Amino acid sequence: MLTHEQVCSLAVARNMALRSADNAVMQARERQREAYTNYFPQVSATGAGFKTSRDMVKADVSTAEVIPPGLAQLIPAEVAGALPGTLPVSIVDRGLMTGITAVQPLFAGGQIVNGNRLARVNVEATQLQRETSRNSVVLTAEQYYWQVIALKEKQKTLDAVKALLDKLEKDADVAVRAGVGMRNDLLSVQLRQNEVESSRAKLDNGLLLARMVLAQYVGMDGQAVDVDVAVDPSQLPPFPIMRADHNQAVAVTPEYRLLEKQVEVATLQRKIEVGKRLPSVGIGAGYSYYNMGKGMDNHFGMLFATVSVPISQWWGGSHAIRRGKLAEADARDRLADNTQLLKIRMQKDWNEVDNAYRELVLAHKSIGQSEENLRLNRDYYHAGTVTMNDLLTAQQQYQQARDRYVDAYSRLQVKVVEYRQSIGQDR
């Protein structure tokens, strides 16, 4: 047997839509962490090796340039005359080059700062979207819960009606056997009993289906789920809530805050577009090593600064910036327009709460009137002043009045939750 609180808690904890919303929040947080890494230096390492089919460097070097002048004087004339005028030289047929650099951005036109702000706003927006999804889940769970309660209360009403009809049948049967009653009275009661039995069968099947739907929604599919709340038609509940100031309440609703986040997102996206067209400044350090074979190797470090001015970006960038301004203006217009719609929704939900309570009051009054009418018709029947059909009609009116009360009571509970959500309050 699940309580009211347990139904709502299980729906929130196990509903598929909310699990998807939770994943969206976690993804947004990961994007926020990813954006934060842009503050750190950008480090890159490279390495390359090669082997050529022939030497990369070939040249003819003069013999006079190769042999030092002092050594040339010691070479006999006949040997010097036999030497060629030039010597072929070829080197570098393989090699290895490696390096690592780190660049720290100092200024990127605000792209890094605004990018991090945008990631933070996206996290807040997904959290608000989850809140709206939670409200929807809770409201649906409330509807399923009170549907089960209403059907169970109608079962109690049918049980009371069945007990009354069983007594009427017994009395009518005794009267017929004694020869003081009419057989058509007995048949009328039996026909009414058949109608009640048929209604009970339909009600039982409807309750079974409603419990299955509730079990599936709270993540307990395949398990026997039941709820129990006593609805006392003899005690009219007080008016449940006081009307809120809709002009003040609208600012705390998740829908309004989400619209504000959409404006903030559009503003940051426009600023990022502007930042893409501004100069970027950074400083860095690097280390390189190369080995070209035959003793040709070296390594060195370096410090450097970079300045990048995206001149050609302004050709199309001015249009992107104007597009961003238009998107920002649209977001502000949506905020203003939907603020009014949210206030209208609040008033509508309040009206429905008020109407539901008025219906409950009328249904409560009808129960008292139908009970008295049934009592009088029962006395009049035994006195012989009304017919059995009159008594059965009074009984049917009593059943209908109790059913209307249960429906109005259930509808009021759902409307209260709906109104509280519309003004930004928990249920």
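Residues numbered from 1 in each chain as written. Predicted model: local features only at pLDDT ≥ 70, side-chain atom pairs only at ≥ 80, totals over all residues. Heavy atoms only, no water.

What the protein contains, in helices and strands, is 11 helices and six strands. Here the protein, with 427 residues, has 36% of them falling under the buried criterion. For the protein, the share of sequence-separated contacts (at least 6 apart) that also reach a separation of at least 24 residues comes to 86%. (Helix = DSSP H or I, 4+ residues; strand = E, 2+ residues; numbered from the N terminus. Buried < 20%, exposed > 50% of the residue type's maximum accessible area, 1.4 Å probe, protein only. Contact = heavy atoms within 4.5 Å.)

What follows is about the pattern of salt bridges. As enumerated under the stated definition, the model contains 27 salt bridges in all. Glu 124 is paired through a salt bridge with Lys 261; the nearest N and O atoms lie 2.4 Å apart. You can see Glu 124 sitting in helix α6 (residues 111-178) and its partner Lys 261 sitting in helix α9 (residues 254-275), a full 137 residues away along the chain. In this structure, the salt-bridge partner of Glu 372 is Arg 375, at a minimum N-O distance of 2.5 Å. Here the residue Glu 372 and the residue Arg 375 both occupy positions in helix α10 (residues 313-383), the gap between them amounting to three residues, near one helical turn. The exposure class assigned to Glu 372 is partly exposed, which follows from its relative accessible area of 35%. Residue classification places Arg 375 among the partly exposed positions, given a relative accessible area of 37%. (Salt bridge = Lys/Arg side-chain N within 4 Å of Asp/Glu carboxyl O.)

For the α-helix, the turn length of 3.6 residues means that residues three or four positions removed from each other point alike. Turning to helix α1 (residues 4-14), its buried residues number three or more, namely Val 7, Cys 8, Leu 10, Ala 11 and Val 12. Looking at the buried residues of α1, the elements they touch are α2 (16-36), α6 and α7 (183-217).

Before going further, it helps to examine the sheet that holds strand β1 (residues 42-51). What the four strands build is an open sheet, ordered β1-β4-β5-β6; its pairing is antiparallel. Lying at the two open borders of the sheet, with one neighbouring strand each, are β1 and β6 (297-308). Going across the sheet, the axis of each strand differs from the next one's by a mean of 15 degrees, ignoring polarity. Note: strand β5 (residues 280-291) against β6, 12 bridges, orientation antiparallel. Residue Gly 282 lies in a different strand from β6, and its bridge partner there is Thr 306. (Pairing = 2+ DSSP bridges. Axes fitted to C-alpha atoms, helices over the stretch in contact; angles between N-to-C directions.)

Position of Arg 277 relative to the elements: it lies in the loop between α9 and β5. Relative accessible area serves as the criterion here: at 9%, Arg 277 is assigned to the buried category. Within the structure, the side chain of Arg 277 is placed 2.7 Å from the side chain of Glu 273, a separation counted as a polar contact. Filtering out sequence-adjacent residues up to four positions away, Arg 277 remains in contact with Pro 310, Gln 313, Trp 314, Gly 317 and Ala 320. (Polar contact = N/O pair within 3.5 Å; in protein donor to acceptor, adjacent residues only side chain to side chain.)

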